[in-house]
Amino acid sequence: MCGIVGYTGNEQAAPILLDGLKRLEYRGYDSAGLAVRDGGALAEVVKATGKLQHLADKTDQGRALPGMCGIGHTRWATHGGPSMVNAHPHVSGNCSGSGSGTVESDVVGVHNGIIENFSELKEKLLRHGYVFYSDTDTEVVVKLVDYYYKKYKIGPVDAITRTMVRVRGSYALALMFKDYPNEIFAARKDSPLIIGTAENASFLASDVPAILKYTRSVYYIDNLQVARVSPGSVKFYDLNGDEVTLPLTEITWDAAAAEKSGYEHFMLKEIHEQPAAVRDTLNSIIKDGDIVLTETGLTDEVIRSLSQIDIVACGSAWHVGMAAQYVIEDLAKLPVRVELASEFRYRSAPMPENTLVIVISQSGETADSLAALRVAKERGALTLAVVNVIGSTIAREADHVLYTLAGPEIAVATTKAYSAQLAAMDALAVRMALARGQISREEYGHLIEELGTIPDKIRRILEDKERLQWFSSKIANAHDIFFIGRGLDYAISLEGSLKMKEISYIHSEAYAAGELKHGTISLIERGTLVVGVLTQSGLYEKTVSNMMECKSRGAYLMGVTTNGNFDVEDSVNFAVYVPRTDEHFVSSLAVVPLQLLGYYTSVSRGLDVDKPRNLAKSVTVE
Ligand code: F6R
């Protein structure tokens, strides 16, 4: 939620900042702003509401804002609605109107996160004569830094650490001080922030793609640390103001991976990257025909000692957990609970000794998942993070990490990261089954072979996407869509339904097929689309019966099933087939047509597929 960038070096800052913001626009897109310094005391602040393009137009693509040091922000509103006045940057001094223009403020800043005690701090600052022009918590932080800076006549680092002690909540902050014209000061707690360096230039950003074009050498600033960023060099400080050393990490992601490469949308590109994402993830776990989890700390001995697994995640990552639950329980015969991260901490469900808590997260920064991880650790559980973004907070705080290798995912709606997570969890399930003596070596070898076929089978599904494109255009005006399935097919229905609603804005629900008749079937009327997922042979007939119950009440039916089940066409109006594979893993295939259905429906409705309204990629607020 919200993206921040910063640049100081020997080139014009504004075009670099705009370029970085463009790559972070998935994090928020209700307004954006820049503040640039041209060596002197003044900072030029420009803001615009709506898409980033408005800011680019307003600044002549950045050319109208001279200066080699600056900060930028793209906003996803939390405190204060989307408006010019609430857009960042915010300034410590008084200003009128929208807060745009040339300012001589001592402190100018941008922020990602939420300051929980901002009202109390605002009261204090009002008593000291500060005037507020926005409704944001950010303006309060910027003014509080200014207050300490002036009151104690201390340098920026100490003013920031004093502020950090005083505020509660989460933040990634980038601040410029009038007295330090070529430097940016940054601080972080529970919101992502990286700092990159190159020759004579330094960058800061909420996420890697924003700076990948300029440098691959990055520092992951830790919680409760401050950075002093100068052209080509960075110094870090702890809360006491003592200098600390951080390791420099080399990013291996390919810069091209963060570009659209000719696809109309990032989402379509990422759907097509799924064979590679799954293959790379599996290849990192499967070595010489063996699933090797040693790096994750899950030795066979540890696996044998486990009494229970709790999978905790949000949104699509939670759907991966739902699918993994069926696979782990069936193969490894180990009890699995799947919890929404946002609810996990409100339950005091007993956690037996030797519980493994697996937190699944693409970004590794989701606030609810991070909070759940911390609760799990407090309760003494062993924790494993299945995470895509290297060095992210969840990856760093969990006892062990299993990285998915999906590469940067830009579209707000996840596709390739979801598939990579699913593959990683399936591989985990297979190793657990072997370690717990639930499958023979031969079955183990066979399952690994089957896993290895998934990338190519996904590729084959993608070759036949035109039928889905055609069908999507037919259903683009639907009001309600129901996705139903049983067992693993229910888990996939959950993801299909989310993909549909989040990018097409068509109301959709996923139901365990057997559950429809307990209430929801009353919503079915003439023409309501019901999508049945039918990949589990033992459940196929039962789900088809549930679909027929809907059809007899006027529903229009689509079925997703495996090759060979051609009799489905006797029941449904539109059938999609995926290649056959071991039924434990078929969800990796069945989800692909559902992703395409959501994608093409959104395109048919003329919507902004990559940046659906009200959403942000990385949800760093609770
Ligand atoms: C939906 C989607 C979200 C995320 C959820 C968790 O397409 O992307 O539901 O899955 O916000 O995000 P991560 O995986 O970053 O923790």
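Just above sits the structure.
**What about the nonpolar core?**
Ranked by size, the top nonpolar core spans 129 residues in total, and within it Ile311, Ile328, Ile358, Met425, Val430, Met432 and Met558 carry the most contacts. Among the elements that make up this core, the one with the highest residue count is helix H13 (residues 416-435) (13 residues). The contact partners of Met558, leaving out residues within four places of it in the chain, are Leu468, Phe471, Leu529, Val530, Val531, Gly532, Met547, Val572, Phe574, Val576 and Leu597. One finds Ile115, Phe132, Val142 and Ala187 within the second-largest nonpolar core, a separate group that totals 29 residues.

**Points about the layout of surface pockets**
Considered as a void within the structure, the second largest pocket measures approximately 470 Å³ in volume. What lines the second largest pocket is a set of 22 residues, and nearest its centre among them are Lys22, Arg23, Glu25, Phe266 and Lys611. Breaking the lining of the second largest pocket down by element, the ones donating at least two residues are helix H1 (13-24) and helix H2 (52-58). Here the lining of the second largest pocket takes five residues from H1, the largest share from any one element. Grouping the amino acids of the lining of the second largest pocket by side-chain chemistry returns eight nonpolar, three polar and 11 charged.

**Details of the site of the ligand**
Around the ligand sit 14 residues, and of these Ser361, Gln362, Ser363, Thr366 and Glu502 come closest. One of the backbone N or O atoms of Val412 is found 3.4 Å from an oxygen atom in the ligand. When isolated, the ligand has an accessible area of 400 Å², and the protein chains bury 90% of it. Contributing elements (two or more residues each) for the shell around the ligand: helix H9 (315-332) and helix H16 (488-504). When the residues that make up the shell around the ligand are grouped by side-chain class, the tally is five nonpolar, seven polar and two charged. In terms of domain composition, the shell around the ligand takes at least three residues from each of domain 2 (266-462) and domain 3 (470-604).

**Observations concerning the pairing of strand S24 (residues 480-485)**
Regular strands place their side chains on alternate faces of the sheet. Here S24 lies mainly inside the structure; five of its six residues are buried. Bridge count for S24 against strand S25 (residues 507-512) is six bridges, and the pairing is parallel. Following the sheet pairing, Ile484 is matched in S25 by Tyr511. Regarding topology, H16 serves as the crossover connection from S24 to the parallel S25, and that connection is right-handed. Here S24 runs beside strand S26 (residues 529-534); their pairing, made up of four bridges, is parallel. Opposite Phe482, over in S26, you have Val530 as the bridge partner.

**Some details on the packing of H9 against H16**
Two numbers describe how H9 lies on H16: the axes approach to 8 Å, and their chain directions differ by 170 degrees. Comparing their axes, H16 and H9 come out roughly antiparallel. Counting all contacts with H9, which are made through Gly315, Ser316, Trp318, His319, Met322, Ala323, Tyr326 and Val327, the residues of H16 involved are Leu488, Tyr490, Ala491, Leu494, Glu495, Leu498 and Lys499. By residue class, the composition of the contact of H9 with H16 is 10 nonpolar, three polar and two charged.

**Comments concerning the sheet that holds strand S16 (residues 249-250)**
Taken in spatial order, the nine strands line up as S6-S3-S2-S4-S1-S11-S10-S12-S16 in an open sheet, and their pairing is antiparallel. Single-partner strands in this sheet number two, and they are strand S6 (101-103) and S16. Here five bridges tie strand S10 (residues 194-198) to strand S11 (residues 201-205), and the two strands are oriented antiparallel to one another. Its bridge partner lying in S11, Thr197 is registered against Ser202. Relative to strand S1 (residues 3-8), H1 is tilted by about 155 degrees, and along the sheet it contacts S1, strand S2 (31-37), strand S4 (69-75) and S11.

**Quick word on empty space enclosed by the protein**
Throughout the structure, instances matching the rule amount to four cavities of 30 Å³ or more. Its volume calculated, the largest cavity comes out at about 190 Å³. Lining the largest cavity are 24 residues, and of these Ser206, Asp207, Ser363, Glu365 and Val389 sit closest to its centre. Of the residues assigned to the lining of the largest cavity, the class counts are 11 nonpolar, six polar and seven charged. If you count residues domain by domain, the lining of the largest cavity takes at least three from each of domain 1 (3-251) and domain 2 (266-462).

**Brief notes about the packing of H9 against H13**
At their nearest, the axes of H9 and H13 sit 9 Å apart, and the two run at 20 degrees to each other. As far as their axial angle goes, H13 and H9 are roughly parallel. In the packing of H9 onto H13, the handedness of the crossing is right-handed. Where H9 approaches H13, its residues Ser316, Ala317, His319, Val320, Ala323, Ala324, Val327, Ile328, Leu331 and Ala332 are matched on the opposing element by Tyr418, Gln421, Leu422, Met425, Asp426, Ala429, Val430, Met432 and Ala433. Its residues assigned to classes, the contact of H9 with H13 comprises 15 nonpolar, three polar and one charged.

**What about the packing of aromatic side chains?**
All told, the structure shown has 15 aromatic pairs when counted by the stated rule. Each ring, one from Tyr7 and one from Phe203, has its centre 5.3 Å from the other, and the planes form 55 degrees; the classification is tilted. Placement of Tyr7 in strand S1 and of Phe203 in strand S11 is noted, with a sequence separation of 196 residues between them. Using a relative accessible area of 1% as the deciding quantity, one classes Tyr7 as buried. Taken together, a centroid distance of 5.2 Å and an interplanar angle of 15 degrees make the contact between Phe203 and Tyr214 stacked. Of the two residues, Phe203 is situated in strand S11 and Tyr214 in the loop between S11 and strand S12 (217-220); the sequence distance between them amounts to 11 residues. Members of the aromatic cluster, connected to one another through ring pairs, are Tyr149, Phe177, Tyr180 and Phe185. Its end group placed over the ring of Tyr152, Arg162 keeps NZ or CZ at 3.9 Å from the ring centre. Lying over the aromatic face of Phe344, Arg379 brings its terminal NZ or CZ to 5.5 Å of the ring centre.

Criteria and cut-off values
Residues numbered from 1 in each chain as written. Predicted model: local features only at pLDDT ≥ 70, side-chain atom pairs only at ≥ 80, totals over all residues. Heavy atoms only, no water. Core = buried A, V, L, I, M, F, W, Y, C linked by side-chain atoms within 4.5 Å. Buried < 20%, exposed > 50% of the residue type's maximum accessible area, 1.4 Å probe, protein only. Helix = DSSP H or I, 4+ residues; strand = E, 2+ residues; numbered from the N terminus. Contact = heavy atoms within 4.5 Å. 1 Å grid on protein atoms, 1.4 Å probe; cavity = no way out; pocket = protein on both sides within 12 Å on 5 of 7 lines; lining within 4 Å. Points joined across faces, edges and corners; volume = space filled by probe spheres on them. Nonpolar A, V, L, I, M, F, W, Y, C, P; charged D, E, K, R; others polar. Near = heavy atom within 4 Å. Polar contact = N/O pair within 3.5 Å; in protein donor to acceptor, adjacent residues only side chain to side chain. Areas by Shrake-Rupley, 256 points an atom, 1.4 Å probe, with all protein chains shown as cover. Domains from an automatic or database assignment. Pairing = 2+ DSSP bridges. Right-handed = clockwise from strand over helix to strand, strands pointing away. Axes fitted to C-alpha atoms, helices over the stretch in contact; angles between N-to-C directions. Parallel < 35°, antiparallel > 145°, perpendicular 65-115°, else oblique. Left-handed = near helix turned anticlockwise from the far one by under 90°. Phe/Tyr/Trp six-rings, centres within 6.5 Å; stacked < 30°, edge-to-face > 60°. Lys NZ or Arg CZ within 6 Å of the ring centre and 35° of its normal.

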